[in-house]
Amino acid sequence: MKARVSVRLKPAILDPQGKTVLRSLQQLGFNEVSSVRIGKLIELEIDSSDSEEVKTRLEEFSRKLLANPLMETFDIELFDDNSRE
Amino acid sequence: MTTAESKLTRWGVVIFPGSNCDKDALDAVGRILDQDVRAIWHRDEHLDDLEVVILPGGFSYGDYLRAGAIARFAPVLERVIDFAERGGLVIGICNGFQVLTETGLLPGALMRNEGLRFICREVTLRTEKTDTPFTCRLMDGQVINLPIAHNEGNFYLPPDQLEELEANGQVVFRYCDANGGISAEANPNGSLNNIAGITNRNGNVLGMMPHPERRTDPILGNPDGANIFRSVIDYIRRK
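Residues numbered from 1 in each chain as written. Chains lettered and ligands numbered in written order. Predicted model: local features only at pLDDT ≥ 70, side-chain atom pairs only at ≥ 80, totals over all residues.

Asks: Can you break down the overall build of chain B residue by residue, with the values?
Replies: Secondary structure assignment for chain B yields 6 helices and 11 strands. Per-residue burial for chain B yields a buried fraction of 53% across its 239 residues. Summarising the internal contacts of chain B: among those between residues at least 6 apart in sequence, 75% fall at separations of at least 24. (Helix = DSSP H or I, 4+ residues; strand = E, 2+ residues; numbered from the N terminus. Buried ≥ 20, exposed ≤ 12 C-beta atoms within 10 Å, placed from the backbone. Contact = placed C-beta atoms within 7 Å.)

Asks: Summarise the nonpolar core; cite the residues concerned and give the values.
Replies: Nonpolar side chains tend to gather and get buried jointly when the protein is soluble and globular. Ranked by internal contacts, the top residues of the largest apolar core, which has 69 residues, are V13, V14, I54 and V90 of chain B. Leaving out residues up to four positions away in the same chain, I54 of chain B has contacts with W11, V13, V14, A25, I91, I93 and G96 of chain B. (Core = buried A, V, L, I, M, F, W, Y, C linked by C-beta atoms within 7 Å.)

Asks: Hey, could you go over the sheet that holds strand β6 (residues 119-127) of chain B for me, with residue numbers and the actual values?
Replies: All names here are of chain B. Taking strand neighbours across the sheet as the criterion, the 9 strands line up as β2-β1-β3-β4-β11-β10-β9-β6-β7 in an open arrangement whose pairing is mixed. A single partner strand is all that each edge strand has here, and the edge strands are β2 (36-41) and β7 (143-150). Pairs of neighbouring strands in the sheet enclose a mean axial angle of 25°, with direction left out of account. Across 4 bridges, β6 lies against strand β9 (residues 171-176) in antiparallel orientation. What sits directly across from R126, in β9, is R174. (Pairing = 2+ DSSP bridges. Axes fitted to C-alpha atoms, helices over the stretch in contact; angles between N-to-C directions.)

Asks: Any details on the pairing of β7 of chain B? Residues and values, ideally.
Replies: All names here are of chain B. Residues of β7 alternate between two faces, with I144, L146, I148 and H150 buried on one and V143, N145, P147 and A149 left unburied on the opposite face. In the sheet, β6 pairs with β7 via 8 bridges, with the strands oriented antiparallel. Each bridged residue has a counterpart across the sheet, and for V123 the counterpart in β7 is L146.

Asks: Pulling in residues and values, what's your account of the interface of chain B and chain A?
Replies: Facing the 8 residues of chain B at the interface are 8 residues of chain A. The residue makeup of the side of chain B that touches chain A, split by class, is 5 nonpolar, no polar and 3 charged. (Nonpolar A, V, L, I, M, F, W, Y, C, P; charged D, E, K, R; others polar.)

Asks: Could you give an account of helix α4 (residues 95-103) of chain B, with specific residues and numbers?
Replies: All names here are of chain B. Most of α4 sits inside the fold, with 9 of its 9 residues counted as buried. Within α4, burial applies to N95, G96, F97, Q98, V99, L100, T101, E102 and T103. Those residues of α4 hidden inside the fold are in contact with β3 (52-55), α3 (75-85), β4 (89-93), β5 (109-111) and β11 (205-208). Following α4 by one or two positions, G104 has its phi on the positive side, about 90°.

Asks: Explain the sheet that holds strand β2 (residues 40-45) of chain A to me, using residue names and the numbers behind them.
Replies: Residue and element names in this part refer to chain A. Across the sheet, which stays open at both edges, the 3 strands sit in the order β2-β1-β3 with antiparallel pairing between neighbours. Two strands lie at the open edges of the sheet, namely β2 and β3 (72-79), each paired on one side alone. The average undirected angle you get between the axes of adjacent strands in this sheet is 20°. Examined bridge by bridge, strand β1 (residues 2-9) and β2 share 6 bridges and lie antiparallel to one another. The partner of A3 across the bridge, within β2, is L44.

Next comes the structure, spelled out in structure tokens:
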């Protein structure tokens, strides 16, 4: 089974990286962009097909290691091995 | 000299893969201050003989994922956590501070610098608290000079926890101007309340972004950093 964990800065946290990219986009003429926030995408392959169990474990280790709950949130998505994702 | 005055204090400096200020810390405490100091490898399990543990600066485990995030699960960290919980003195400098926040021994997180640049320069710091083992030789409000060298030094805590940190008097150093004034201009990295260094609630764990080990040898200019290590030596000898 494959999993994808998206780690994002909490909305209250300033994202200077996103702000810099926003400024660059606007300089390039993409003035319709009004906000950019940058996070992390972590892709995992997991030796289990029990999606409930995988989800529980993923939540556990995402909280413990992949994200810092003080400043970040995370979302988990699961995919079958055969999916093209 | 009495026995108490001449007693060597026992220090350890943890070395993670990617640490790069470990030698400076060993040199500051061992050669310059003439104390008993040894290196602790990140896989070591034994540090009960020590009185002070330093987590040095650098890029432990390449700063992968988040600065300090992987070091937090190094085998030696469990021992450091035990050591701190039993009242042992712990100093986290720069990357060491980041590791201490990841372990939860210190509150908060160190985020990317507001200006997104790695900053390497001398800063002035105002001493906010002198009743700690790390600052007992300093005076309240004393302005000291130390270098910073970091990319993630932007101290963050949610507002309610920040209020608690301040109310408990856990802030030890703030970035200030030459006269000790606290302002946005004197803040190099965007840290909330200009915070540069804090202790835990019990006061036995210090985390700071500036590098005292780089200002310990008098040959390198002002020895303001030495005062921090000498405070610890005084504190242990007085105990």
